[in-house]
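Chains, contacts and geometry: an overview
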Amino acid sequence: MNLKGRSFITLKDYSPEEIGYLLDLAADLKARKKQGITGNSLKGKNIALIFEKPSTRTRCSFVVAAVDEGAHPEYLGKDDIQLGHKESVEDTARVLGRIFDGIEFRGFKHKTVEDLAEYAGVPVWNGLTDDYHPTQILADLLTMKEHFGYLKGLRFVYAGDGRNNMANSLMIGMSKMGVHFTILAPKSLWPREDLVELCQGYAKESGSTITLTEDIDGVKDADTIYTDVWCSMGEEDKAAQRIALLKPYQVNKELMEKTGKDTTIFMHCLPAVKGNEVTEEVFESGASVVFDEAENRMHTIKAIMVATLGE
């Protein structure tokens, strides 16, 4: 499958077959790395890593993945370049596209990463925006596939803030890959209707379902329960209000038991605020695969760069 030259902005742009290909490639690259084999498919390539928002997993994953495959990554923090301040995004994109072979962007406005992709002339990868976090979803899918051996037909419940970038992106990824997807959240925090409709279309094609519910019993039969912080970066002022609203949706021992399965896994994109969206008990339990997910960010990001830019 040829994905050369493609940007990776949201999973809306990728077919289920292409997503499956990236997961297979990531699994292969992971197995090779475990044997001590790294590649040189990005030899001689220079990669710009633009970060408006700080990061642990995204930054470390892009750096290690690039170096493993022979590329040079250059970190550009918000004070290092003029992006959108003294220089327009379009002009910055055209400059960086002349100097670098690929660009990662992690920041606030989704339009910024779209404009970079439109004007840079090189592959642009979304490391997170306010609307979407597609590299995380690939890591989540790979983790589920490793754990269960398959994806199609699994039952996935996302509990908490159902209209943040994680809920949006998980709904796209799961519906495309045939995973039954439930958002368990107060109605005021459900995702946008147009996105739900779009994903219902994906679900119809893949043979899965999308459910939005406020009812805690919605976790019944779940194979995976997923949550994220109750306040995303930049929303700190809403903390008290969110905690009050979302307390009933905390992932705790009782919620995990409500699935009726002893095989249900717990997932989180990290960092976690233990005691809010998840209890320490569940986070540290045998059901938790959060550190597998964190590691898989690197392998899936490597797969994206190798597939879209590698030789």
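Look a little higher up for the structure.
Cut-off values and rules
Residues numbered from 1 in each chain as written. Predicted model: local features only at pLDDT ≥ 70, side-chain atom pairs only at ≥ 80, totals over all residues. Heavy atoms only, no water. Helix = DSSP H or I, 4+ residues; strand = E, 2+ residues; numbered from the N terminus. Contact = heavy atoms within 4.5 Å. Areas by Shrake-Rupley, 256 points an atom, 1.4 Å probe, with all protein chains shown as cover. Lys, Arg positive; Asp, Glu negative; His and termini not counted. Charge placed at Lys NZ, Arg CZ, Asp CG, Glu CD. Buried < 20%, exposed > 50% of the residue type's maximum accessible area, 1.4 Å probe, protein only. Core = buried A, V, L, I, M, F, W, Y, C linked by side-chain atoms within 4.5 Å. Pairing = 2+ DSSP bridges. Axes fitted to C-alpha atoms, helices over the stretch in contact; angles between N-to-C directions. Parallel < 35°, antiparallel > 145°, perpendicular 65-115°, else oblique. Left-handed = near helix turned anticlockwise from the far one by under 90°. Right-handed = clockwise from strand over helix to strand, strands pointing away. Polar contact = N/O pair within 3.5 Å; in protein donor to acceptor, adjacent residues only side chain to side chain. Nonpolar A, V, L, I, M, F, W, Y, C, P; charged D, E, K, R; others polar.

1. A short note on the overall build of the protein
A tally of helices and strands in the protein yields eleven helices and nine strands. With the C-alpha coordinates of the protein rotated into their principal frame, the extents come out at 55 × 45 × 35 Å. Counted over contacts in the protein with a minimum sequence separation of 6, partners at least 24 positions apart contribute 75%. Surface summary for the protein: the accessible area is close to 13,100 Å², and the carbon and sulfur share equals 49%. Positive and negative charge centroids in the protein, built from 37 and 48 side chains respectively, lie 2 Å apart.

2. Things to note about the environment of glycine 149
By secondary structure assignment, the location of glycine 149 is in the loop between α5 (134-148) and β5 (155-159). You can call glycine 149 exposed: its relative accessible area is 57%. Expressed as a C-alpha distance, the spacing of glycine 149 and methionine 174, which sit 25 residues apart in the sequence, is 15 Å.

3. Digging into the nonpolar core
Counting 60 residues, the largest nonpolar core has Ile47, Met144, Phe156, Leu170, Phe181 and Met305 as its most contacted members. Setting aside anything within four residues of it in sequence, one finds phenylalanine 156 in contact with Met144, Leu170, Met174, Val179, His180, Phe181, Thr182, Thr224, Tyr226 and Met267. Counting 20 residues, the second largest nonpolar core, distinct from the first, contains Ala159, Met256, Leu270 and Val278.

4. Comments concerning the sheet that holds strand β4 (residues 124-128)
Strands sit in the order β2-β1-β3-β4 across an open sheet of four strands; the sheet is parallel. With partners counted over all chains shown, the strands left at the sheet margins are β2 (72-77) and β4, one partner each. The sheet shows a mean angle of 20° between the axes of neighbouring strands, taken without regard to direction. One ladder, built from six bridges, connects strand β1 (residues 46-51) with β2; its direction is parallel. Note on β2: the bridge partner recorded for isoleucine 50 is leucine 76.

5. A short note on the packing of helix α6 (residues 165-176) against helix α7 (residues 193-206)
Packing of α6 against α7 brings their axes to within 7 Å, and their N-to-C directions diverge by 20°. Judged on the interaxial angle alone, α7 and α6 are roughly parallel. Considering how the two elements wind past one another, α6 and α7 form a crossing that is left-handed. Residues Asn168, Met171, Ile172, Ser175 and Lys176 of α6 form the contact with α7, whose own contacting residues are Leu195, Val196, Cys199, Tyr202, Ala203 and Ser206.

6. Here's the deal with the pairing of strand β3 (residues 102-106)
Most of β3 sits inside the fold, with five of its five residues counted as buried. What you see with β3 is no split at all: Gly102, Glu104 and Arg106 on one side and Ile103 and Phe105 on the other are buried throughout. With five bridges joining them, β1 and β3 adopt parallel strand pairing. By the bridge assignment for β3, leucine 49 is matched with glutamate 104. Strand direction decides the pairing type here: β3 and β4, joined by four bridges, are parallel. Pairing of glutamate 104 across the sheet is with tryptophan 125, part of β4. With helix α4 (residues 110-120) bridging β3 and the parallel β4, this β-α-β connection has right-handed handedness.

7. Focus: the side chain of threonine 213
If you trace the backbone, threonine 213 turns up in strand β7 (residues 210-213). A polar atom in the side chain of threonine 213 sits 2.9 Å from the backbone nitrogen of aspartate 215. Not counting residues up to four positions away in its chain, the partners in contact with threonine 213 are Thr182, Ile183, Leu184, Ala185, Trp190 and Gly218.

8. Considerations on unusual backbone geometry
Going from leucine 270 to proline 271, the amide bond is cis rather than trans, its omega being 0°. Look at aspartate 221: it is not a glycine, yet its phi comes out positive at around 70°. For aspartate 221, the location among the structural elements is in the loop between β7 and β8 (224-227). Positive phi, normally seen in glycine, also occurs at leucine 270, with a value near 65°.

9. Examining the packing of helix α1 (residues 16-34) against helix α11 (residues 290-309)
Taken N-terminus to C-terminus, the directions of α1 and α11 make an angle of 115°; their axes are 8 Å apart at the nearest point. On the basis of the axis angle, α1 is roughly perpendicular to α11. Along this stretch, α1 crosses α11, giving a crossing that reads as right-handed. Where α1 abuts α11, its residues Tyr21, Leu22, Leu25, Ala26, Leu29, Lys30, Lys33 and Lys34 lie against Glu295, Asn296, Met298, His299, Thr300, Lys302, Ala303, Ile304, Val306 and Ala307. For the contact of α1 with α11, the residue count by class is ten nonpolar, three polar and five charged.

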